[in-house]
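# Coordinates in review
Next come the chains, spelled out residue by residue.
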Amino acid sequence: MKPIRLPEPPSPTFGGGVTDIFEVGFSGATVRRAVVIGTGFPGSENQSLGLVRALGLADKHVLYRVTRPRGGINEWLHWLPVSLHKKLDYLIKQIVLLTSRGKKLAPLPSENGGGRVGLLSVLEADAKQIVAMARETYEKDGPLLVVASGRDTISIASSIKRVASQNVFVVQIQHPRSNLDRFDLVITPHHDYYPLTPHAQEQVPKFLRRWITPRDPPDRHVVLTVGALHQIDSAALRSAASAWHDEFSPLPKPLLVVNIGGPTRHCRYGADLAKQLITCLLSVLVSCGSVRISFSDRTPEKVSYVITKELGNNPKAYIWDGQDPNMHMGHLAWADAFVVTADSVSLISEACSTGKPVYVIGGERCTWKLSDFHKSLRERGVVRPFTGSEDISESWSYPPLNDTAEAARQVHEALAARGWRLRP
């Protein structure tokens, strides 16, 4: 069996002399717990959970979610602030009830609390409730680390910081666009600042430039990453390699894993990219032992249909149907190389954390800041375009992306500058 190549785990100590602050003689407050505020979307929520995991608080956090009404006209109202969206949804439903059944109006739901969307074990994000908990438990449990990600979490996280700044440390993942001082730390990929580059400015008419964000370069409390944060590290990969040993060890090598996302505003495609991918895969099959193909929740049916129709019966190919158990971690641990569609920063970032060859298809279709993301990866030698001329048996490597560990180090430093420390 070909040995699995995994990146070495990061050093347990943090550079720059920060570790000394955590040692003997430290008398400041200690952070031992966290609150994660998400939106239920895996791409953004996974970033917060990845950071909390890297900080050693994976088993010491509570997950809250900001939820929106869904279905029907609500899919067109996501541009509204969450609180206004919920009130408008309430009014629409009550009007329907009055006109169709003549029933009495139901009580207006609270702005943040009382939600019933999502898992029963996940609490609806309520800024007042989180602030009260942080204040009431401060003396006993110390400061509260708040980690939020996603546009809809910005108002909640900033409110917590504003009202309870002495009891919390608030980290906002993904750029909040303006007023960065609403947070203690902002963690965002470098390509979020693409609008400030000369090349980007040339693409925007002058009268629109004042509306494009961000408007200012990153300040001292902005942590820039290459890609997205996630929960993949050496320990996770080694655990997955062991857990999925019986499933993947018998497969002929090399194993090529293909991760397919879905079109986005800055990376549009359809069945045309699926056909391009099929052509390229058929060209490299001779150098592959096995091919495993996975679709995401965003993959259009027309894309998955074309790929399944053409490759579903190929003896070297296996198409995961998305049913449990989820094979994603097994794929990351056991793959010898990856092909990923260009639309997904998260899927690409995870693959690039393994140090194994990553080929990207559809990069030429990307625009705006997503194009800048791919340019930075190519310049680092982390990814290569997938053309169909590759010999998958010929491996190549690079220093794995380590954004999550680096972001965790920056959180430690920021806490230390405040006179706090983090100790799980």
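Given the structure is predicted, the values throughout are model-derived calculations rather than measurements.

### Comments concerning the overall build of the protein chain
Helix and strand content of the protein chain: 14 helices and 15 strands. The proportion of buried residues among the 424 residues of the protein chain is 50%. Within the protein chain, residue pairs in contact and separated by at least 24 positions form 74% of the contacts whose partners lie at least 6 positions apart. With the model as given, the accessible surface of the protein chain reaches about 21,100 Å², and the carbon-plus-sulfur share is 54%.

### Focus on the sheet that holds strand S14 (residues 384–385)
Reading across from one edge, S11-S10-S9-S12-S13-S14 is the order of the 6 strands in this open sheet, with parallel pairing throughout. Two strands in the sheet have a free side with no partner beyond their single neighbour: strand S11 (317–319) and S14. When strand S12 (residues 337–341) meets strand S13 (residues 358–361), the two strands line up parallel, connected through 4 bridges. Within the sheet, the bridge partner assigned to Val340 lies in S13 and is Val360.

### Regarding the pattern of salt bridges
Under the counting rule described, the total for this entry stands at 12 salt bridges. Measuring nitrogen to oxygen at the nearest pair gives 2.4 Å for the salt bridge that ties Asp233 to Arg53. Placement of Asp233 in the loop between strand S8 (222–225) and helix H7 (234–243) and of Arg53 in helix H1 (residues 42–54) is noted, with a sequence separation of 180 residues between them. On the accessibility criterion, Arg53 (29% relative accessible area) is partly exposed. A salt bridge links Lys161 to Asp184, with the nearest nitrogen and oxygen atoms 2.6 Å apart. With Lys161 in helix H5 (residues 154–163) and Asp184 in the loop between strand S6 (168–173) and strand S7 (185–189), this pair connects stretches of sequence that are 23 residues apart. You'll find Lys161 and Asp184 in the same group, each marked buried. One salt-bridge network, held together by shared partners, links Lys161, Asp184 and Arg418.

### So, a nonpolar patch on the surface
Where nonpolar side chains cluster on the molecular surface, the patch consists of Phe207, Leu208 and Trp211 and spans about 380 Å² of accessible area. Positionally, Phe207 belongs in the loop between helix H6 (198–203) and S8. Look at Phe207 and you get exposed, because its relative accessible area is 62%.

### Looking at the packing of aromatic side chains
Counted according to the given criterion, the structure contains 5 aromatic pairs. Ring geometry for Tyr194 and Trp368: centres 5.2 Å apart, planes at 90°, overall edge-to-face. A residue pair is termed long-range when its members are at least 10 positions apart, and Tyr194 in the loop between S7 and H6 and Trp368 in helix H13 (residues 368–380) qualify at 174 residues. Here the aromatic rings of Tyr359 and Phe386 are separated by 6.1 Å at their centres, their planes lie at 50°, and the arrangement is tilted. Taken together, the residues Tyr359 in strand S13 and Phe386 in the loop between S14 and helix H14 (403–417) connect sequence positions 27 residues apart. Like Tyr359, the residue Phe386 is buried in the burial classification. One aromatic cluster in this structure is built from Tyr359, Phe386, Trp396 and Tyr398. The ring centre of Trp396 lies 3.9 Å from the NZ or CZ of Arg384, which sits over that ring.

### Focus on the state of the cysteines
Applying the stated criterion to the full structure yields 0 disulfides. Of all cysteine sulfurs, the one in Cys267 lies closest to Cys366, which takes part in no disulfide; the gap is 3.3 Å. Overall, the relative accessible area of 8% leaves Cys366 in the buried class.

### Examining the sheet that holds strand S3 (residues 61–65)
Across the sheet, 7 strands lie side by side as S4-S3-S2-S5-S6-S7-S8; this open sheet has parallel pairing. Edge strands, defined here as strands with exactly one partner in the open sheet, are strand S4 (123–124) and S8. Sitting on the sheet, H5 touches strand S2 (34–38), strand S5 (144–149) and S6, and the angle it makes with S6 is about 155°. Here H14 sits on the sheet in contact with S6, S7 and S8, set at roughly 160° to S7.

### Brief notes about the packing of helix H9 (residues 271–284) against helix H10 (residues 301–311)
A packed helix pair is summarised by two numbers, namely the angle formed by the two axes and the spacing between the axes. Between H9 and H10, the least distance of the axes is 8 Å, while the angle of their chain directions is 25°. Classed by the angle they form, the pair H9 and H10 counts as roughly parallel. Considering how the two elements wind past one another, H9 and H10 form a crossing that is right-handed. For the pair formed by H9 and H10, the contact residues are Ala271, Ala274, Lys275, Leu277, Ile278, Leu281 and Leu282 on the first element and Lys302, Val303, Val306, Ile307, Glu310 and Leu311 on the second. When grouped by side-chain class, the residues that make up the contact of H9 with H10 number 10 nonpolar, no polar and 3 charged.

### Here we look at the nonpolar core
Grouped together as the largest cluster of nonpolar side chains are 63 residues, with contacts concentrated most on Leu256, Val258, Leu277, Ile293, Ile307 and Phe386. Other than its neighbours up to four places away in sequence, Leu277 contacts Val258, Ile260, Ile307, Val339, Ile361 and Phe386.

### A look at the pairing of S5
Buried residues dominate S5, accounting for 6 of its 6 residues. Because side chains alternate across S5, one face comprises the buried residues Leu144, Val146 and Ala148, and the other comprises Leu145, Val147 and Ser149, equally buried. Here S2 runs beside S5; their pairing, made up of 4 bridges, is parallel. Across the sheet, Val36 pairs through a bridge with Val147, a residue of S5.

### Looking at the packing of helix H12 (residues 345–352) against H13
Orientation of H12 relative to H13, taken along the N-to-C sense of each, is 10°, at an axis distance of 12 Å. Comparing the axis directions of H12 and H13 gives the class roughly parallel. Of the residues in H13, those in contact with Val345, Ile348 and Ser349 of H12 are Leu370, Phe373, His374 and Leu377. Residues of the contact of H12 with H13, tallied by class, amount to 5 nonpolar, 2 polar and no charged.

Calculation rules
Residues numbered from 1 in each chain as written. Predicted model: local features only at pLDDT ≥ 70, side-chain atom pairs only at ≥ 80, totals over all residues. Heavy atoms only, no water. Helix = DSSP H or I, 4+ residues; strand = E, 2+ residues; numbered from the N terminus. Buried < 20%, exposed > 50% of the residue type's maximum accessible area, 1.4 Å probe, protein only. Contact = heavy atoms within 4.5 Å. Areas by Shrake-Rupley, 256 points an atom, 1.4 Å probe, with all protein chains shown as cover. Pairing = 2+ DSSP bridges. Salt bridge = Lys/Arg side-chain N within 4 Å of Asp/Glu carboxyl O. Patch = residues over 30% accessible without salt bridge, like charges linked within 9 Å, V, L, I, M, F, W, Y side chains within 5 Å. Phe/Tyr/Trp six-rings, centres within 6.5 Å; stacked < 30°, edge-to-face > 60°. Lys NZ or Arg CZ within 6 Å of the ring centre and 35° of its normal. Disulfide = S-S within 2.5 Å. Axes fitted to C-alpha atoms, helices over the stretch in contact; angles between N-to-C directions. Parallel < 35°, antiparallel > 145°, perpendicular 65-115°, else oblique. Left-handed = near helix turned anticlockwise from the far one by under 90°. Nonpolar A, V, L, I, M, F, W, Y, C, P; charged D, E, K, R; others polar. Core = buried A, V, L, I, M, F, W, Y, C linked by side-chain atoms within 4.5 Å.

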